[in-house]
Amino acid sequence: MSGIPPPNIAIIGGGIGGAFAAAWLRNASVRHLDVYEASERIGGRTLATQDQDETWATVELGASMGITENRYILEAARSLGLATELRSEVSWRGGGRLAIVGAGRKLAFEEGAWKATTLVRLLSRYGGRTLYRLGQQGSEFIRNFSRIYAAQDDGRAFATVDELLAVGGLHEWPRRSCAEAMAVLFSDAAAPAATELVAGLMRNNYGQDWAPSGALCCFTAIAPLAAGGSAAAIGLVGGWEELTRGLLQSSSRSRSRRGSAGEDDPAAATIGATRPQLHLSRQVTSVVTQDDGRFVLSFADGSSAARVYDHVVLAAPCPTLPATAEAHDESPNLLRRCAPVPYQHVYVTLVWGLLDPAYFGKSEHAASFNAKFSDVLVADAAGRSVPFLSIGRFDEQHAPPAHDSAPPAFPSAAVSAHDSAECARLYAGAHDGAGAIPRWKLFSAQELSPADLAPLILCHEERLTVRHAWTSPGAYPISRPRNLSSFVLHESVSGGLFLHPSAIEAATSAMEVVAVAARNAALLLVQRLAQIRRANRLRENAELHQKFVEANAARAEADAAPPKSQFPRGETPNAKVGKGECAAGERVQPGE
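Quantities reported herein were computed from a predicted structural model and do not represent experimental measurements.

**Some words on the pattern of salt bridges**
Tallying each qualifying case throughout the model produces 23 salt bridges. Ionic pairing is found between R307 and D34, a salt bridge with its closest N-O pair at 2.8 Å. Of this pair, R307 sits in the loop between β12 (295-299) and β13 (311-314) while D34 sits in strand β2 (residues 32-36), and the two are 273 residues apart along the sequence. According to the relative accessible area criterion, D34 is buried, its value standing at 1%. Linked through salt bridges whose partners overlap, the residues forming this network are R41, E241, E242 and R245.

This is the structure we're talking about:
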């Protein structure tokens, strides 16, 4: 039996989803595995930057945190030899406390220096029953999500997002708003736990208001609280972009690697595994099928892929294509079957300096105020009184980065109301009294101007500010209650699949969620390949059986026909007998 050739598979998107899909498909008897990325780099919404001064830590500009319960991303990191770190154990967190900005820019809540103090403040502000319910809901969400791991370990794959989420009993939440879910959870959607804690986490994690968002997205945002807060928050040394790079490149290693996930470890590379071929700056604008059911990819520059594909995985947001008069399900371009969802624009601003306590209604010394906190969230009551969505501490230094040959000993007063002498006094106090000067990462819905930063950062130095905009298409899908799509965008006449694992982000978005969807896509393809091989074997067996039947029939027909005579017509065997010979059956007597 000749069998069928191994398939060619194309993956569109070089982010976390595309990297995990490629990693899980490497050992699936694939002939060619090509990854097409529209930009000039891999990583998608994972991105880190490093300052020119090597003493500065790598800063995450995109996805920056996992939790200890995120099985896939942590197993992959360990298998690739990438170091992780608990957020609670890094040295630059200062006091590590959380604050929430409320009405009039005043702090509605702040953690204490001692756990007992924090507990008393939490109980006083939010109530024991409410906090218990919030923790239980988060824990239940984590347990239910873990059922999906078990289903995938059993080899189960799902054609729709609903079917996948139903394994964990999570399929109804995307159709309900966060406000509805919190009203049930707290018996009051206006409870401070909702308008402060949940609201702050949704703004920090997704850049969005909590109330109109989908309930599943809200539960994803509060899961870290249930997991243990900062004690369970995990970062990747060097940035999560390294995980994407490692997953796409690890298959080039010649020896077998196996992590704690065993055969399911997405980073496990074996000898003979298919190495993904990465193609950067290749924006796919069209996916069409040939008459034989295989897929042809075309690019923004008008060219087409060098080979056709048996299967295609769209591990990226649905592209925005020019309008056409054709219905989406009638267009030959299968990308039109992908229904786009709007994305939230998020702006990241990195600043070096001291937060001004007066901005938050505090009169204490700037150095001691800054030494307390690592995270500042924004409650509903703050409204539009603050231009940021959240503030997080990511580093601290005893001197600013060396952007030029003569950096100042402290941020200058370029746009600050303070004069240089005041800045020197403030920052000298920070050095001598409370240690290093922190660096802060601010998320905002609009780009923060120097005028926005001046009242917030003492002696703000614009030239030390780093900015990045997530606007194409954005940082996260705008979360709203909605019906969810299928993972399968098209099935060709040859059995080829065009899959869209990123469809899950319409329900909720996180690195681990995307990794789960990528494994589901890989399982769907592995099952389809097995079906095609099985069908091919059955077809070949049927063909062999038919040939066997035909051969037997021909033999039986030949056996049933009367035997043909060996002699010419009219002759008998005795006619050949001559002198001294005897006919068949006669015996020659001695002497004859």
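**Some words on the sheet that holds strand β9 (residues 233-236)**
Taken together, the three strands give an open sheet; going across it, the order is β5-β9-β6, and neighbouring strands pair in antiparallel fashion. Pairing within the sheet leaves two strands with one partner each, and these edge strands are β5 (66-67) and β6 (84-86). The sheet contact formed by β5 and β9 spans two bridges and is antiparallel. Looking at the pairing, G66 lines up with I234 of β9.

**Side note on the sheet that holds β2**
The mixed open sheet is built from six strands, whose spatial order is β10-β2-β1-β13-β24-β23. Each edge of the sheet is formed by a strand with only one pairing partner; in this case those strands are β10 (277-279) and β23 (488-491). Averaged over neighbouring strand pairs, the angle between their axes works out to 15° when direction is ignored. Relative to strand β24 (residues 497-499), β13 runs parallel, the two sharing two bridges.

**A short note on the environment of E491**
As for its placement among the helices and strands, E491 is situated in strand β23. Residues E491 and T289, 202 residues apart in the sequence, show an inter-C-alpha distance of 10.0 Å. Here E491 is in contact with G496, L497 and R528, once residues within four sequence places are set aside. Only 2.9 Å separates the side chain of E491 from the side chain of R528, close enough to count as a polar contact.

**A look at the packing of helix α3 (residues 115-126) against helix α4 (residues 128-153)**
For the pair α3 and α4, interaxial distance at closest approach is 7 Å and the crossing angle is 100°. As summarised for this structure, α3 and α4 are arranged roughly perpendicular, according to the angle between their axes. When α3 is examined against α4, the residues L122, L123 and Y126 are found in contact with a partner set consisting of G128, T130 and L131. Classifying every residue of the contact of α3 with α4 by side-chain character gives four nonpolar, two polar and no charged.

**Some details on the packing of aromatic side chains**
Evaluation of the coordinates by the stated rule reveals 15 aromatic pairs. Ring geometry for F20 and W24: centres 5.3 Å apart, planes at 35°, overall tilted. Here W24 and F20 lie together in helix α1 (residues 16-25), a separation of four residues that amounts to about one turn. For the pair formed by F20 and W24, the shared burial category is buried. On the basis of an interplanar angle of 85° and a centroid distance of 6.3 Å, the ring pair of Y36 and Y309 is categorised as edge-to-face. A residue pair is termed long-range when its members are at least 10 positions apart, and Y36 in strand β2 and Y309 in the loop between β12 and β13 qualify at 273 residues. Exposure remark for Y36: the relative accessible area of 4% places this residue in the buried category. You can call Y309 buried: its relative accessible area is 0%. Three or more aromatic residues joined by ring pairs form one cluster here, namely F20, W24, Y72, F141, F145 and Y149. Over the aromatic face of Y359 sits the side chain of R105, whose NZ or CZ is 3.9 Å from the ring centroid.

**Some thoughts on the state of the cysteines**
Per the stated rule, a full pass over the model turns up two disulfides. With a sulfur-sulfur separation of 1.9 Å, C178 is cross-linked through a disulfide to C218. Taking the sign of the S-S torsion, -105° for the link of C178 and C218, the bridge is left-handed. Taken as a pair, C178 in helix α6 (residues 178-186) and C218 in helix α8 (residues 215-227) lie far apart in primary sequence, 40 residues in all. There is no split in this pair, since C178 and C218 are both buried. Residue C217 stays outside any disulfide, its sulfur separated by 6.5 Å from that of C218, the closest cysteine. Classification of C217 by relative accessible area gives buried; the value is 3%.

**Looking at the side chain of N370**
With respect to the secondary-structure elements, N370 resides in helix α10 (residues 366-372). Sequence-distant contacts of N370, that is, excluding residues within four places in its chain, are made with G353, L354, L355, R393, P438 and W440.

**What about the environment of S449?**
Assignment of secondary structure puts S449 in the loop between β19 (437-444) and α12 (450-453). In this structure S449 comes out as partly exposed when scored by relative accessible area, which is 29%. Sequence separation of S449 and T349 is 100 residues, and the distance between their C-alpha atoms is 9.6 Å.

**Brief notes about the nonpolar core**
Core analysis: the largest hydrophobic core is formed by 97 residues, its most contacted members being I11, F20, M182, V198, W210 and L243. Beyond its immediate stretch of four places on either side in the chain, M182 contacts S187, D188, A194, V198, W210 and F219. Listed in part, the 21 residues of the second largest apolar core include V351, F373, V386 and W440.

**Examining α8**
Taking 1.5 Å as the rise per residue, α8 with 13 residues should run 18 Å; its terminal C-alpha atoms sit 18 Å apart, in good agreement. Maximal helix bending in α8 amounts to about 35°, located at A221; proline P224 follows within four positions. α8 sits mainly inside the fold: eleven of its 13 residues count as buried. All of the buried residues along α8 are A215, L216, C217, C218, F219, T220, A221, I222, A223, P224 and A227. As for α8, its buried residues are in contact with β5, α4, α5 (161-166), α6 and α7 (192-206).

Criteria and thresholds
Residues numbered from 1 in each chain as written. Predicted model: local features only at pLDDT ≥ 70, side-chain atom pairs only at ≥ 80, totals over all residues. Heavy atoms only, no water. Salt bridge = Lys/Arg side-chain N within 4 Å of Asp/Glu carboxyl O. Helix = DSSP H or I, 4+ residues; strand = E, 2+ residues; numbered from the N terminus. Buried < 20%, exposed > 50% of the residue type's maximum accessible area, 1.4 Å probe, protein only. Pairing = 2+ DSSP bridges. Axes fitted to C-alpha atoms, helices over the stretch in contact; angles between N-to-C directions. Contact = heavy atoms within 4.5 Å. Polar contact = N/O pair within 3.5 Å; in protein donor to acceptor, adjacent residues only side chain to side chain. Parallel < 35°, antiparallel > 145°, perpendicular 65-115°, else oblique. Nonpolar A, V, L, I, M, F, W, Y, C, P; charged D, E, K, R; others polar. Phe/Tyr/Trp six-rings, centres within 6.5 Å; stacked < 30°, edge-to-face > 60°. Lys NZ or Arg CZ within 6 Å of the ring centre and 35° of its normal. Disulfide = S-S within 2.5 Å. Core = buried A, V, L, I, M, F, W, Y, C linked by side-chain atoms within 4.5 Å. Expected span 1.5 Å × (residues − 1). Bend = angle between axes of the 7 residues up to and from the residue.

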